[in-house]
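Secondary and tertiary structure notes
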Amino acid sequence: MCGKFSTLLLNICIGSLCKARRLDKAEFVVVDGIRLGCLPDVVTYNTLIAAYCRFVDFDQAYLIVSRMKEAGVKPDVVTYNTLMAGASRHNLPSQCQYLFQDMSKNGVVPDEWSYNTLMHCLFNCGYPEVAFKIFSDMNSSSVSPSIITYNTLINGYFKSGRAVNAVMAFRRLQKFGFSPELVTYNTMLHGLFKSGKRGQARRIYKEMRESGIAPNAATYTTAMKCWFRSRNFEDGLDIFSEMMSRGYTSDVFAYCTVISALAKRGKTEDARVCIRQMLKNGQGIDLACYNALIYAYCKEKNMNDALLLLNEIEEAGLECDGYTYSTLVDGFCKLGDFSSAMNQMRVMETSGLNPNLVAYNSLIDGLCKAGMVDHALSIFKMMRTRDSFSYSALLHGLCKVGRFHVASKFLLICARKGINVLKSSKRAVLRGLRCSGFGRDAKKLKAAMWKAGFLHYEK
DNA sequence: TTAGGGTTAG
């Protein structure tokens, strides 16, 4: 008869196989175990569910749950948390919420992980209000929040555009009995940087260093990006050197950030040196790195080499994505080669990717700059979503050909929808109306923009 | 369960 010891061994074996992604083999071991009288327990099933969620398919994970129930093994809190993490990873907020409710219905009490996972999923999928509600439910439950809960909350504040609340939560951590840890600082650094608060981000980085917490690869990469964007290129490279000297020598994210920064400064040869260094280190080059290099070639108007990289991507067994094609579309648009740009849009479609907002925006910008405003307008009308880039590019194009009244209509749409556009676009429309003898219309437009609070939207 | 990379306007 199979005892607890044998089940423990079975679980260790299943754990290693799942970790190595050998799920078929793991399933065979389970079957063999059953044949020998060693019945899988809740840990065995939870391990399999986690592996199916992570490496295969969410539906397959549910099949394991059915098998588990048929075998008379009751799902526990870990089963639910694992499924919720899977739902979160697959961006399925309703599924995640359903699992959370279902667990209570089945007499399983949610723990801190359950609350954290649900909050994270809801924030990530764009439901901050529901996520806040979960946080408040957690506080009124018997489950205590942890530093991970607060890290998730701070990240959620940033993701939902509430940087001020994120900073407040960070500053109040000690009041709640916690001290910021590495992930807290990394979340703050990244959140502040993404919210455009680069000065505050740099201060947080300094504060972290002074607190004695050692940065990791994520800290260095975010800090570098922040420094590069703040036009402190040399300081950004110093951070990269420090990162290398601290032994983070094979981090593909960091290399990718540096390659992109070099490319933006037109240092294509240095970007190539980086790639060579990566190959020398035995590092795999992933699609993001290739995309950064394609961008470097496009930037120096070397479309031939950019296109040649597509073959390399294929040879490396990778598949081009939206970044690859939109970078190429932009490269061709900047050269005024709209036929090749459109060709890349078609390739994108035949590859099963919908031409994205960036590709369309590049097309609009390129067409406007080439004076083909009507063509740009027809593309603009076709677009399902438009953002600040789309409107700014179009406004500039319309102003360039003197169509200030049409531009003024689009500007009012932006004001009404709260879509911010470049300061220069707003100025171009107002100045254009005034200079072409429509001073009264300019005044009316300015008044309407003030009324909509649109003139305060300066970045 | 929480944190990092790659594309577009001026």
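Note that this is a predicted model, so its numbers are computed, not measured.

Thoughts on the overall build of chain A
- Helix and strand counts for chain A come out as 26 helices and zero strands.
- Along the first, second and third principal axes, the C-alpha set of chain A runs to 95 × 55 × 45 Å.
- Pairs at least 24 residues apart make up 58% of the contacts formed inside chain A by residues separated by at least 6 positions.
- For chain A, the distance from the average site of its 59 positive side-chain charges to the average site of its 39 negative ones is 11 Å.

Structural notes on the protein's contact with DNA strand B
- The environment of DNA strand B is formed by 50 residues, the closest being N151, K264, D286, N291 and S326.
- Each atom of DNA strand B within 4 Å of the protein was assigned to sugar, phosphate or base; sugar and phosphate come to 46%.
- Within the contact set of DNA strand B, a base oxygen lies 2.5 Å away from a side-chain nitrogen or oxygen of N151.
- Between DNA strand B and the protein, one listed contact pairs a base nitrogen with a side-chain N or O atom of Y323 at 3.4 Å.
- Residue composition of the surface near DNA strand B, by class: 16 nonpolar, 23 polar and eleven charged.

Remarks on the packing of helix α11 (residues 182-194) against helix α12 (residues 198-211)
- At a minimum axis separation of 7 Å, α11 and α12 run at an interaxial angle of 165°. With respect to α12, the element α11 is oriented roughly antiparallel. In this structure, α11 crosses over α12, and the sense of that crossing is left-handed. Together, L182, Y185, N186, M188, L189, L192 and F193 of α11 and R198, Q200, A201, I204, Y205, E207, M208 and S211 of α12 make up the contact between the two elements.
- By residue class, the composition of the contact of α11 with α12 is ten nonpolar, three polar and two charged.

Structural notes on the domain arrangement of chain A
- What the domain assignment lists for chain A is domain 1 (146-232) and domain 2 (406-459).
- Measuring from the centre of the C-alpha atoms in domain 1 to the corresponding centre in domain 2 gives 36 Å.

Notes on the packing of helix α17 (residues 287-299) against helix α19 (residues 322-334)
- Between α17 and α19, the least distance of the axes is 9 Å, while the angle of their chain directions is 0°. By the angle between their axes, α17 is roughly parallel relative to α19. Taking contact as the criterion, the partners of L287, N291, I294, Y295 and C298 in α17 are, on α19, Y323, T324, T327, L328 and G331.
- Split by residue class, the contact of α17 with α19 holds six nonpolar, four polar and no charged.

Focus: the side chain of T219
- For T219, the position within the fold is in helix α13 (residues 217-229).
- A distance of 2.8 Å separates the side chain of T219 from the side chain of N216, its partner in a polar contact.
- Beyond its immediate chain neighbours, meaning those up to four positions away, T219 contacts L182, N186, L189, Y205 and M208.

Concerning α13
- Taking 1.5 Å as the rise per residue, α13 with 13 residues should run 18 Å; its terminal C-alpha atoms sit 18 Å apart, in good agreement.
- Counted residue by residue, α13 has ten buried out of 13 residues, so it is predominantly covered.
- All of the buried residues in α13 are A217, T219, Y220, T221, T222, A223, M224, C226, W227 and F228.
- In the core, the buried residues of α13 are packed alongside α11, α12, α14 (233-245) and α15 (252-264).
- Backbone nitrogen of A218 and a side-chain oxygen of the N-cap are separated by 3.1 Å at the start of α13; the cap is N216.
- Just beyond α13, the residue with positive phi is R231, at close to 65°.

As for α14
- For α14, spanning 13 residues, the distance from its first C-alpha to its last is 19 Å, which sits close to the expected 18 Å at 1.5 Å a residue.
- By the burial criterion, the buried members of α14 are F233, G236, I239, F240, M243 and M244. Buried residues of α14, viewed axially, fall in a sector of 140°; they line one side. Every exposed residue of α14 that faces more than 90 degrees away from the buried side is listed here: E234 and S245.
- If you follow the buried residues of α14, they end up packed against α12, α13 and α15.

Some points on unusual backbone geometry
- Notably, R21 is not glycine yet its phi reads approximately 60°, a positive angle.
- Along the chain, R21 turns up in the loop between α1 (4-19) and α2 (23-35).
- You can call R21 exposed: its relative accessible area is 59%.
- Notably, R231 is not glycine yet its phi reads approximately 65°, a positive angle.
- Within the fold, R231 resides in the loop between α13 and α14.

Some details on a nonpolar patch on the surface
- Residues L8, L9 and I12 make up a contiguous nonpolar surface patch of roughly 290 Å² in combined accessible area.
- Mapped onto the elements, L8 comes out in helix α1.

Concerning the nonpolar core
- I364 and L394 are the most contacted members of the largest nonpolar core, which has 146 residues in total.
- Structurally, this core is a two-domain feature, drawing no fewer than three residues from each of domain 1 (146-232) and domain 2 (406-459).
- Residues within four places of L394 in sequence aside, it is in contact with I364, C368, A376, L377, F380 and F410.

Some remarks on the environment of K446
- Structurally, K446 is set in helix α26 (residues 439-451).
- Residues K446 and V77, 369 residues apart in the sequence, show an inter-C-alpha distance of 58 Å.
- Those residues in contact with K446, other than ones at most four positions away along the chain, are L430 and L455.

Some points on a positive patch on the surface
- A contiguous patch of positive charge on the surface is contributed by K194, R198, R229, R231, K264, K299 and K301.
- Along the chain, the position of K194 falls in helix α11.

About the thresholds
Residues numbered from 1 in each chain as written. Chains lettered and ligands numbered in written order. Predicted model: local features only at pLDDT ≥ 70, side-chain atom pairs only at ≥ 80, totals over all residues. Heavy atoms only, no water. Helix = DSSP H or I, 4+ residues; strand = E, 2+ residues; numbered from the N terminus. Contact = heavy atoms within 4.5 Å. Lys, Arg positive; Asp, Glu negative; His and termini not counted. Charge placed at Lys NZ, Arg CZ, Asp CG, Glu CD. Near = heavy atom within 4 Å. Polar contact = N/O pair within 3.5 Å; in protein donor to acceptor, adjacent residues only side chain to side chain. Nonpolar A, V, L, I, M, F, W, Y, C, P; charged D, E, K, R; others polar. Axes fitted to C-alpha atoms, helices over the stretch in contact; angles between N-to-C directions. Parallel < 35°, antiparallel > 145°, perpendicular 65-115°, else oblique. Left-handed = near helix turned anticlockwise from the far one by under 90°. Domains from an automatic or database assignment. Expected span 1.5 Å × (residues − 1). Buried < 20%, exposed > 50% of the residue type's maximum accessible area, 1.4 Å probe, protein only. Arc of directions from axis to C-beta. Patch = residues over 30% accessible without salt bridge, like charges linked within 9 Å, V, L, I, M, F, W, Y side chains within 5 Å. Areas by Shrake-Rupley, 256 points an atom, 1.4 Å probe, with all protein chains shown as cover. Salt bridge = Lys/Arg side-chain N within 4 Å of Asp/Glu carboxyl O. Core = buried A, V, L, I, M, F, W, Y, C linked by side-chain atoms within 4.5 Å.

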